[in-house]
Structures are given as structure tokens and as C-alpha cells.
Amino acid sequence: ACVAEVRRARELGAVGLMIGGTAGDRLLHHKDLEPFFAAACDVDLPVCVHTGWSCPGLTELCEDPYAALLLSFTFPVLMAFFSLTAGGVLDRFPRLRAAFLEAGSEWIPYMTGRMDHYHPVIRNIGWGAHSKKRPGEYLAEGRLYVTCEAEEPLLPQVLELVGEDHVMIEGDMPHAEARETGIRELSERIDLKEHVKLKILRENALAFYKLG
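Residues numbered from 1 in each chain as written. Predicted model: local features only at pLDDT ≥ 70, side-chain atom pairs only at ≥ 80, totals over all residues. Heavy atoms only, no water.

### Re the overall build of the protein
Then, in step 1: For the protein, the count of helices and strands is ten helices and seven strands.
Then, in step 2: Relative to the compact-globule value of 17 Å for 212 residues, the protein shows a C-alpha radius of gyration of 17 Å, a close match.
Then, in step 3: Seen along its three principal axes, the alpha-carbon backbone of the protein occupies a region of about 45 × 40 × 40 Å.
Then, in step 4: Considering the protein as a whole, with its 212 residues, one finds that 45% of them fall into the buried category.
Then, in step 5: For the protein, long-range pairs separated by at least 24 residues make up 70% of all intrachain contacts whose partners lie at least 6 apart in sequence.
Then, in step 6: As displayed, the protein offers around 11,300 Å² of accessible surface, 58% of which is attributable to carbon and sulfur atoms.
Then, in step 7: Averaged over its 22 positive side-chain charges, the protein has a centre that lies 9 Å from the centre of its 31 negative ones. (Helix = DSSP H or I, 4+ residues; strand = E, 2+ residues; numbered from the N terminus. Rg over C-alpha atoms; globule rule 2.2 N^0.38 Å. Buried < 20%, exposed > 50% of the residue type's maximum accessible area, 1.4 Å probe, protein only. Contact = heavy atoms within 4.5 Å. Areas by Shrake-Rupley, 256 points an atom, 1.4 Å probe, with all protein chains shown as cover. Lys, Arg positive; Asp, Glu negative; His and termini not counted. Charge placed at Lys NZ, Arg CZ, Asp CG, Glu CD.)

Here you go:
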């Protein structure tokens with residue numbers, strides 16, 4: 001049914017597929033999910049991993065709104081980053097493109113550094129290493145995108161790691177913080193070059209969704 005929906009979405013003119021960071025209690029590199037990624041590649045639609053309460057265990061653990069927003073709502077995106085890189089999804093599907101949406105971007109350096117640190121150890125002992133390369137190496141392939149918040153102080157470092165062609169602005173609608181000024185705030189930053197701002201605000205999304 002999921003594969004059929006992917007194809008139907010493409011026929012209706014969709015430019016991307018949105019999923020949670022887990023498939024219920026399964027990580028995204030679970031082999032049962034391979035038909036979905038294969039279908040996304042077949043119809044040339046990128047996979048967008050959005051924040052959300054996709055992991056039942058995390059959702060049950062967080063009993064107050066603050067924990068629910070910061071932990072069970074956000075962490076599945078980081079789990080998806082693990083699955084696509086360290087879990088070997090990008091190896092198995094070399095045409096796959098993906099983006100990690102609405103979780104900010106400053107987690108990328110931490111996750112990449114942490115996974116790269118342990119990857120050789122896991123590979124040497126042959127225990128649960130599914131990827132051919134260090135997770136950080138996949139960032140250089142140009143298939144992964146991330147959205148940023150306008151005020152993130154580490155955004156220049158994220159751009160250096162991910163590449164200025166692969167960061168997009170978060171700015172769909174006001175959320176719990178009732179904030180409508182993100183795009184303006186990024187436009188006014190003095191620590192980013194003007195051509196980089198244009199990429200974040202416009203050009204990178206056009207390229208990712210193939211709208212250019």
C-alpha cells in the first residue's frame with residue numbers, strides 16, 4: 001500500500017515524500033522498508049524526514065509538553081539520520097535523496113562526529129555496522145539536505161560541514177513559538193554571505209525538489 005501511495009503521489013504531481021524518523025517501532029534501515037525507498041528512487045521523489053511523534057517508546061516516555069516537543073518530537077529525525085547513513089540506506093539506494101526537516105541543523109555536527117568516532121570500532125568488531133563508509137562521508141555526496149533555524153549560532157559551521165548547497169530555511173508557518181520573522185532574520189545576518197543566504201532561502205529548495 002505504501003509503494004502504491006508513492007506512485008500515486010508522483011502521478012498527482014508531488015515533488016517530495018514526507019515520513020517520520022521511524023516507522024513506528026522500527027528504524028528506517030529495517031529491511032522491511034526497502035520497497036518504500038526503492039519506490040521513491042523509481043519515481044525520483046526525495047524523502048523528507050519531518051519531526052513528529054513517530055516512535056511509540058519515546059512518545060510514551062515523555063509525559064509533559066516540553067519533553068514531548070524537545071525529545072520525542074525531535075529525536076526521531078536524528079534516528080533517521082543514523083539509519084540513512086550508518087544504517088546503510090544510502091548504500092543500498094544510490095539514487096536516494098533525503099532531507100531532515102524542522103529539527104534545526106546544529107545537531108548535524110554532533111551526530112556526524114559521534115558516529116564517525118565509533119564507526120571504525122563497530123566495523124572492526126563486525127557488530128551492527130551496515131554502512132560502507134563513515135557516516136560523515138555521505139554528506140559530501142550531495143544527497144542529504146537539512147533545514148536550519150534563522151538564529152542558529154553554529155550555522156556557519158553547519159554550512160562548512162554539509163555544504164552551502166544543502167541547507168534550506170525552516171519557514172512554513174508559525175508554530176508553538178508564534179514566530180513569523182525567521183526568513184527576515186536570516187536575511188539580516190551579517191555572518192553569512194549574500195549568495196549563501198540566497199541559496200538557503202531559495203536556490204537549494206528549488207534544486208532539492210527539482211523545481212528550478
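Resuming the write-up.
### What about the pairing of strand β4 (residues 47-50)?
Two faces, one strand: in a regular strand the side chains alternate between the faces of the sheet.
Then, in step 1: Residues Val47 and Val49 of β4 are buried on one face, and the alternating residues Cys48 and His50, pointing to the opposite face, are buried as well.
Then, in step 2: In terms of strand pairing, strand β1 (residues 17-19) meets β4 through three bridges, oriented parallel. Looking at the pairing, Ile19 lines up with Val49 of β4.
Then, in step 3: Both β4 and strand β5 (residues 98-101) contribute to a ladder of four bridges, which runs parallel. Each residue of the ladder has a partner; that of Val49, found in β5, is Phe100. (Pairing = 2+ DSSP bridges.)

### Some remarks on the environment of Tyr209
Then, in step 1: Positionally, Tyr209 belongs in the segment after α10 (194-208).
Then, in step 2: Taking relative accessible area as the criterion, Tyr209 reaches 21% and is therefore assigned partly exposed.
Then, in step 3: As for Tyr209 and Pro46, which are separated by 163 residues in sequence, their C-alpha atoms are 7.1 Å apart.
Then, in step 4: With near-sequence residues (within four places) excluded, Tyr209 lies in contact with Val15, Pro46, Cys48 and Leu101.

### Some remarks on the sheet that holds β5
Then, in step 1: In space, the five strands of this open sheet follow the order β1-β4-β5-β6-β7, with parallel pairing throughout. Lying at the two open borders of the sheet, with one neighbouring strand each, are β1 and β7 (167-169). Looking at each pair of strands side by side, their axes are set apart by 25° on average, direction ignored.
Then, in step 2: Inspection of the sheet shows β5 paired to strand β6 (residues 144-148) by three bridges, in the parallel sense. Its bridge partner being in β6, Ala98 is matched across the sheet by Leu144.
Then, in step 3: Along the sheet, helix α5 (residues 75-85) contacts β4, β5 and β6; its crossing angle with β5, the most-contacted strand, is approximately 160°. (Axes fitted to C-alpha atoms, helices over the stretch in contact; angles between N-to-C directions.)

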